[in-house]
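# Reading the structure
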Amino acid sequence: MKRRHLLPLLAAPALITRARAQGSAQGRPITLIVPYAAGGGTDIVARELAPILMEQLGQSVVVENRGGAAGHVGATSVARARPDGTTLLFAVSTNIVVNPHLQRTDKINLSSVLSPVTKASSYQYVLVIDPKLPVTSLQELIAAGKQPNADFSFSSGGVGSNNHLAGILFAEAAGLQMEHISYRGTAPALQDVVTGRVTMNFSSPPPAVPLAKEGRLRALAVTGNHRLPSLPDVPTLSEAGLPGIVILGWHGIFAPAGTPVGEMSRLEAAANKAIRDPRFARSLERDGLEVATAQPRADFAVAIREEYEFWGKKVRELDLKAE
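My aim in this report is to walk through the structure given alongside it, one point at a time. For every chain, the first residue of its written sequence is number 1, and the numbers climb from 1 along that sequence. This being a predicted model, a pLDDT of at least 70 is required before a residue's local features are given, and a value of 80 or more before pairs of side-chain atoms are given or counted; all residues contribute to the totals for chains, interfaces and linings. For side-chain calculations, the full set of non-hydrogen atoms in the structure is used, while hydrogens and water are omitted.

What follows covers helix α10 (residues 261–275). Here α10 is 15 residues long and its end C-alpha atoms lie 21 Å apart, about the 21 Å a rise of 1.5 Å per residue gives. In this scheme, a residue with accessible area under 20% of its type's maximum is buried, one over 50% is exposed, and one in between is partly exposed, where area comes from a 1.4 Å probe on protein chains only. Numbering of helices and strands runs from the N terminus, with a helix taken as a DSSP run of H or I at least four residues long and a strand as a DSSP run of E at least two residues long. Restricting attention to buried positions, one finds in α10 the residues E263, M264, R266, L267, E268, A270, A271, A274 and I275. Expected span, for any helix, means 1.5 Å times one less than how many residues it has.

Structure representation (structure tokens):
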């Protein structure tokens, strides 16, 4: 029986009650926190969206990187920020629905202390390897990884990050034993695949596609149910001989819980206009991503609560622990 692994990495939290901030952020600078190192997929998309969002809001939007603990450091800093609309989070779902289950001392439930503004983009992952490896297909990679002397590894942006979970699901489906090597973001994790220190990475498309086109990485498969227009010759996992595994991801914008309803509505309206701006859509298409389907904040919050509960059980099942 084929097992299907679906990893819907939604990026939005549940709404909760917190003391409301006074006043409005309108006219004041907004800091958009990316909880990873510069150069990764989340950072690239945030920086493409920021200037368009700035036009819609009529105020400055500055992207700031706060990496660490697979995004937990940056995410919690936004959760603890003043809920006045001047500090926002641009993140992937694992920051909200996975990482809180991994923390040993910091038990903050990010699905309860952040509020969704909107979902920004959806994407699949690209399996990339060191181009010096003597394999040119997914089946050759799996066969090589099953050899007695194989010493395969995969990198990620940290325990519980999206590419860590993608690597775990792939290894399980392919029947491979691989060492996981954690970094402080996708950019450094990819760099060590380029240099040959690590065998492979499941990267979001923005940082991986250019490196693959330059020949610095070899793309063997994508994890969705269709090929990427930016990598038309790269098959899906199913086409490459590993059916039944689909791994998807999302980006979204969040505010500290307790941000006034009027401010949340203003931010949501501006963000949705920016996300559906043709310039952003073109940049996403170039990067291998898609504009997210529109979803009301309340529905987004329900989805996050469901994802949080699902991943709480999955983390215990996989016995994952933060490093």
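On to the nonpolar core. Core analysis: the biggest nonpolar cluster contains 79 residues, and L89, F90, L138, L141, F170 and M200 have the highest contact counts within it. Listed in part, the 18 residues of the second largest apolar core include V126, V128, V198 and V209. What we call a nonpolar core is a set of buried Ala, Val, Leu, Ile, Met, Phe, Trp, Tyr and Cys residues that are connected through their side-chain atoms within 4.5 Å.

Quick look at the sheet that holds strand β6 (residues 126–129) now. Pairing is mixed in the open sheet, where five strands are placed in the order β8-β7-β9-β6-β10. The sheet is open, and its two edges are formed by β8 (179–182) and β10 (218–222), each paired on a single side. This sheet shows a mean twist of 30° between the axes of neighbouring strands, independent of strand direction. Strands pair, by our definition, only if DSSP identifies at least two bridges between them. With axes taken as lines fitted to C-alpha atoms, and helix axes fitted only over the stretch in contact, angles between N-to-C directions fall between 0 and 180 degrees.

What follows covers the pattern of salt bridges. Salt bridge criterion: a side-chain nitrogen from Lys or Arg within 4 Å of a carboxyl oxygen from Asp or Glu. By the definition in use, this model includes 14 salt bridges. The salt bridge involving E55 is made with R279; its shortest N-O contact spans 2.8 Å. With E55 in helix α1 (residues 41–57) and R279 in helix α11 (residues 278–287), this residue pair connects regions lying 224 residues apart in the sequence. The residue R197 makes a salt bridge to D192 at a minimum N-O spacing of 3.0 Å. It is possible to trace a salt-bridge network through shared partners that takes in R28, R82 and D84.

What follows deals with helix α2 (residues 72–79). Counting buried positions along α2 yields six of eight residues, so the element is predominantly enclosed. Buried within α2 are the following residues: H72, G74, A75, T76, V78 and A79.

Stacked, edge-to-face and tilted labels apply to pairs of Phe, Tyr and Trp rings (six-membered ring for Trp) whose centres lie within 6.5 Å, assigned for plane angles under 30 degrees, over 60, and everything in between, in that order. Applying the stated rule across the entire model yields three aromatic pairs. Their ring planes at 50° and their centres at 5.1 Å tell us that F170 and F202 sit as a pair that is tilted. Placement of F170 in helix α7 (residues 162–174) and of F202 in strand β9 (residues 200–203) is noted, with a sequence separation of 32 residues between them. When sorted by exposure, F170 lands in the same class as F202, which is buried. With centroids separated by 5.1 Å and ring planes inclined at 85°, the aromatic side chains of F310 and W311 adopt a geometry described as edge-to-face. When its relative accessible area of 2% is taken as the criterion, W311 is described as buried. Over the ring of W250 we find K119; its NZ or CZ atom is 3.7 Å from the centre of that ring. By the criterion adopted, a ring carries a charge over it if an Arg CZ or a Lys NZ lies within 6 Å of its centre and within 35 degrees of its normal.

Counting buried positions over the five residues of strand β2 (residues 30–34) gives four, a clear majority of the element. Of the pairings in the sheet, the one linking β2 to strand β3 (residues 61–65) comprises five bridges and is parallel in character. Looking across to β3, one finds that V34 is bridged to N65. Note on handedness: a crossover is taken as right-handed if, strands pointing away from the viewer, the path from the first strand over the helix to the second is clockwise. Since β2 and β3 lie parallel, the crossover through α1 that links them has a hand, and here it is right-handed.

Moving on, we get to the side chain of Q124. With respect to the helices and strands, the residue Q124 is situated in strand β5 (residues 114–124). Classification of Q124 by relative accessible area gives buried; the value is 4%. Contacts described as polar in this section are N or O atom pairs within 3.5 Å, which, within protein, must combine one atom able to donate a hydrogen with one able to accept it, while residues neighboring in sequence count only if both atoms come from side chains. A distance of 3.4 Å separates a polar side-chain atom of Q124 from the backbone nitrogen of T223. Throughout, a residue-residue contact means that at least one pair of heavy atoms, one from each residue, lies within 4.5 Å. Dropping the residues within four chain positions of it, Q124 is found in contact with S203, S204, P205, V222, T223, G224, N225, H226, L228, I247 and L248.

This part covers the environment of P100. Considering the arrangement of structural elements, one finds P100 in helix α4 (residues 99–102). Each C-alpha atom of the pair P100 and R80 lies 15 Å from the other, and the pair is 20 residues apart in sequence. With residues near it in sequence (within four places) discarded, P100 still touches H72, T94, N95, I108, N109, L110 and Y308.

Turning to the pairing of strand β11 (residues 245–256), a few remarks are in order. Among the 12 residues of β11, 11 are classified as buried, and the element is accordingly described as predominantly covered. In this sheet, β11 lies alongside strand β4 (residues 87–92) in antiparallel orientation, the contact comprising four bridges. Across the sheet, F90 pairs through a bridge with I253, a residue of β11. Across nine bridges, β5 lies against β11 in antiparallel orientation. Bridging from a neighbouring strand, T118 pairs with I253 of β11.

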